[in-house]
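Structure at a glance
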Amino acid sequence: MKKLCTADQMHHMDQTAMYGKYKIAPVVLMENAGHAVVEKAKDLIISWHNKRVIVFCGKGNNGGDGFVIARHILAEGARVFVYVLGKDASYSTEANYHLQTLYAMAEEGSCVIENYAEGNEDNQQLHQRLKETDIIVDAIVGTGFHGQLHNPATFLVRCINDAAKNGKIKVIAVDIPTGVNTDTGEISGNGEEHTGEPIYADMTVTFGALKRGMQFYPGKKCCGSIVWDPIGMPVSLLRNREQNAAYLLETADIERVLCSRAPDSHKGTHGTIAVVSGSRDMIGAPLMTCRGAMRAGAGKIFLRVPEQTASYCIGKLPEIMVRGIGSGSEFSENDVFQILEEAKKWTVIAIGPGMGKNSKTKTFIQEVIRNTTCPIVIDADALNLIHSEKEFISPYGKRIIMTPHLAEFSRLSGVSIAEVKKDVIEAAKHFVHEWNVTLVLKGAPTVIVSSDAQTVYVNPTGNAGMAAGGMGDVLTGMIAAFAAHDGMPDLCAAACSGVFIHGAAGDYCYNKYGPYGYSPCEVADAIPRVIKALEIAGDTASEDRNLFGMMESI
Ligand SMILES: NC(=O)C1=CN([C@@H]2O[C@H](COP(=O)(O)OP(=O)(O)OC[C@H]3O[C@@H](n4cnc5c(N)ncnc54)[C@H](OP(=O)(O)O)[C@@H]3O)[C@@H](O)[C@H]2O)[C@@H](O)CC1
Ligand SMILES: Nc1ncnc2c1ncn2[C@@H]1O[C@H](COP(=O)(O)OP(=O)(O)O)[C@@H](O)[C@H]1O
Ligand SMILES: [K+]
C-alpha cells in the first residue's frame, strides 16, 4: 500500500529529512524533485529535445522545483521560457540558489526568464508564447495551496487551461496541480469571477508520498496520470506509519491477505454465509448478494427471505439453500426466533439488501444483532432502518461492517452529502469514532476505515460503469464471504479485499463489455478471474505487480 499524505504530513516529512537526523541539504531535495519531473515526464512527452517549454514558477518552493526543471531540460535540448512570480529576496534559500544559477544561464542566452511580479507583465507576449509552446510546466503552487487562487495565479492558470484546451499542448504539474487542495481534493473556483479554476494537467509528478487530494474528486480529475518519485527521501520516512494514517490499496496488499486455499480444505472451511434479507418488492437484491458471496468462494450460502418471497428465489441460483421465514412479505420481530435457531451455525450474516423500510423490520434487525455473535455485514435498507441507532450499534461495532453509499452515509451520520464530499476521509473517520464499526463508504473512490478509526484505506479499482443498481448488493455478499475466508486477519482486511476485488471485477467488465451496461451479475461472475490474476501477481517476482495487465491475458 502507498501512503496518502496531507500537506502537514508532507511538510513534516520534508522537515525531518532536512533538519532531523538525516540532514539532507534542502537544495539537494529540491534538485531531486526537479530532476524527477524531468525524467518521469518522458513517459508522456518522450523527449524534451527541440520542444518549446514554458515553466511557470510560483513564489514558494514549488516554484523552486520549476527552476531546477528549467536547468535540466535546457541540457536536454528544450527551448525554455521561465516565468518567475516571486521576487528574489522572498524565495527560500534553496529556491533562490537554483534561481541564481538560472539567471547566470539566462545571461549566457540559454533561456529566457520573465519576472512576472505584479506590474511587470507583458501578457501579449505571453499569449503568443502559449500559442507556440509544446509543453507547459505548472510549478505555480504545490502543497502550500490554501483557499481560492488569487492573482496573478488565477490569470495564469486560466491562460494555461485555455491554451491547452486543444489537446496539443501537454501540461505537467509539479507535485500537485495548482489549485487542488492537498488534503481533500477540493479545487479552487466556485464559478464566481474573482475565484480561479485549478490547472488541468496531463501528468502530475508527485514527491515523497501520494497526496490525499489526488485520489478524490474533483482534484483527481485535475491530475492526469499520477507518477510518484521518492526524491531521495530516507526509506524510513517513505514507509513509516503516520499518525492519522491513510493508504492507497495495491494488488500486493490484497494478495497477501487472501491466502490460497489449503489443498485439503472442504466446504466447511470456507464459511457458512447467511444472507438474511429481501422483501416482496426487491427480491433480486439478496439474490445478487448471494451471487457475490458464491463467486467470492463462500463454502455454503443460506438465503433466508420472508416466506411470501421464497418461491420466487428457489431455483434462481441452484448453488444456494433458500428457506422462507415467518408468513409475511417483510421480516418482522415475530421472525427472530426462527432465525436465531439457525444462526449458531452461521459464520457471517449479510443483512439489508432489498429488505424494505417497514419499522417492524428494524426491530427484527436489532434482535438479530443483539442475539448473535458472528460478524454481520449491514447494507442498504438495514442501514436506513437503523440510522438513528448509534448507541445501540456501537457496543457490537467490532463485529459489524457497514457498507453505505454516500446517501445512506449522509442519513446515518446526519451530515449532508455536500459536506461529506468536502473531506471524505475526515467524515468517515469521525463516523467510525462514534459508531465503532468497520466502515465501507462506497463511492468514487470507496474508503474503508478500521473499527478503531486508526487507519483509512482508499480503493483504486472500479469505474463509472459500476454506477448501476445492484452493484452494492454484490459487494455485500463478497465482503461476507471474505470475512469467512480461511486465514483472513480481520474484518477490515475482508472489507478491503471485497472492495478492491469488486472494483477490479468491474474494471474487467469495462474492458470486456464496454464502459457501461454490464450487469452486477457479470461483475460477480468476473470475481474468480480477478482472484486468478491476484494469484499470478503473487507468483510474479516483479515489483510492478500489474493486476490489470494480467487479467487481460486470462
Ligand atoms: N524542502 C521542501 O520542503 C521541499 C518542497 N518541495 C516543493 O515545495 C512545495 C511546497 O512548497 P511551499 O511550502 O513553499 O509551498 P508552495 O506549494 O510553493 O505554495 C506556497 C506559495 O503559493 C502561494 N499560494 C498559496 N495559496 C495560494 C492561492 N490561493 N493563490 C495564489 N497563491 C497561493 C503562496 O503565496 P501567498 O498566498 O502566501 O502569497 C506561496 O508563495 C511542494 O509542493 C514541492 O513542490 C520539493 O522541492 C521537495 C523539497
Ligand atoms: N464512478 C464510480 N467509480 C468507481 N466505483 C463506482 C462508481 N460508481 C459506483 N461505484 C461502485 O459501485 C457500487 C455501487 O453500490 P451501491 O450504490 O450500493 O449500489 P446498489 O445499492 O444499487 O447495489 C459501489 O461499490 C461503488 O463504489
Ligand atoms: K503545481
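Residues numbered from 1 in each chain as written. Chains lettered and ligands numbered in written order. Predicted model: local features only at pLDDT ≥ 70, side-chain atom pairs only at ≥ 80, totals over all residues. Heavy atoms only, no water.

Identification of the protein as Bifunctional NAD(P)H-hydrate repair enzyme from Megasphaera paucivorans is taken from an unreviewed UniProt entry. Per UniProt, the comment on the protein under Subunit (unreviewed entry) is "Homotetramer." (UniProt positions renumbered as here; feature names shortened; annotations may be inferred.)

This next bit is on the packing of aromatic side chains. Counted according to the given criterion, the structure contains eight aromatic pairs. Seen from their ring centres, Phe 392 and Tyr 396 are 5.4 Å apart, and the 50 degrees between their planes marks the pair as tilted. Judged by relative accessible area, Tyr 396 falls into the partly exposed class, the value being 22%. With centroids separated by 5.1 Å and ring planes inclined at 55 degrees, the aromatic side chains of Phe 409 and Phe 431 adopt a geometry described as tilted. In this pair, Phe 409 sits in helix 17 (residues 406-413) while Phe 431 sits in helix 19 (residues 424-435), placing the two residues 22 residues apart along the sequence. Each member of the pair, Phe 409 as well as Phe 431, carries the same accessibility label: buried. By the ring-pair criterion, three or more aromatic residues cluster together here, those being Phe 56, Tyr 83 and Tyr 116. Lys 316 extends its terminal NZ or CZ atom over the ring of Tyr 312, reaching a point 3.9 Å from the ring centre. (Phe/Tyr/Trp six-rings, centres within 6.5 Å; stacked < 30°, edge-to-face > 60°. Buried < 20%, exposed > 50% of the residue type's maximum accessible area, 1.4 Å probe, protein only. Helix = DSSP H or I, 4+ residues; strand = E, 2+ residues; numbered from the N terminus. Lys NZ or Arg CZ within 6 Å of the ring centre and 35° of its normal.)

On to helix 11 (residues 284-295), then. Residue pairs three or four apart in sequence face the same way in an α-helix, which turns once every 3.6 residues. The terminal C-alpha atoms of helix 11 lie 17 Å apart, and with 12 residues this matches the ideal 16 Å at 1.5 Å per residue to within 8%. Most of helix 11 is tucked away, with nine of its 12 residues classed as buried. The first or second residue beyond helix 11 is Gly 297, which carries a positive phi of 95 degrees. (Expected span 1.5 Å × (residues − 1).)

This part covers the site of ligand 1. Taken together, the neighbourhood of ligand 1 is formed by 22 residues, with Asn 62, Asp 65, Gly 142, Gln 148 and Asp 175 sitting nearest. Measuring from an oxygen atom of ligand 1, one finds a backbone N or O atom of Gly 142 at 2.6 Å. The contact in question runs from an oxygen atom of ligand 1 to an N or O atom on the side chain of Asp 175, over 2.6 Å. If ligand 1 stood free it would expose 920 Å²; the protein chains cover 82% of that surface. Counting only elements with at least two residues in the shell around ligand 1, the list comes to helix 1 (7-19), helix 2 (26-40) and helix 4 (61-75). (Near = heavy atom within 4 Å. Polar contact = N/O pair within 3.5 Å; in protein donor to acceptor, adjacent residues only side chain to side chain. Areas by Shrake-Rupley, 256 points an atom, 1.4 Å probe, with all protein chains shown as cover.)

Turning our eyes to something else, we now look at the nonpolar core. Counting residues in each nonpolar core, the largest one holds 62 residues, and the members touching the most others are Ile 273, Ile 301, Leu 303, Val 440, Ile 448, Phe 482 and Ile 501. Per-element tally for this core: the top contributor is helix 21 (residues 491-513), with 13 residues. Val 336, Leu 385, Ile 386 and Val 432 belong to the second-largest nonpolar core, a separate cluster that totals 51 residues. (Core = buried A, V, L, I, M, F, W, Y, C linked by side-chain atoms within 4.5 Å.)

This next bit is on the environment of His 72. Residue position: His 72 is located in helix 4. His 72 sits in the buried class, given a relative accessible area of 18%. Between the C-alpha atoms of His 72 and Gly 34, which are 38 residues apart in sequence, the distance is 8.2 Å. With residues up to four places along the chain from it excluded, the contact list for His 72 reads Glu 31, His 35 and Val 38. (Contact = heavy atoms within 4.5 Å.)

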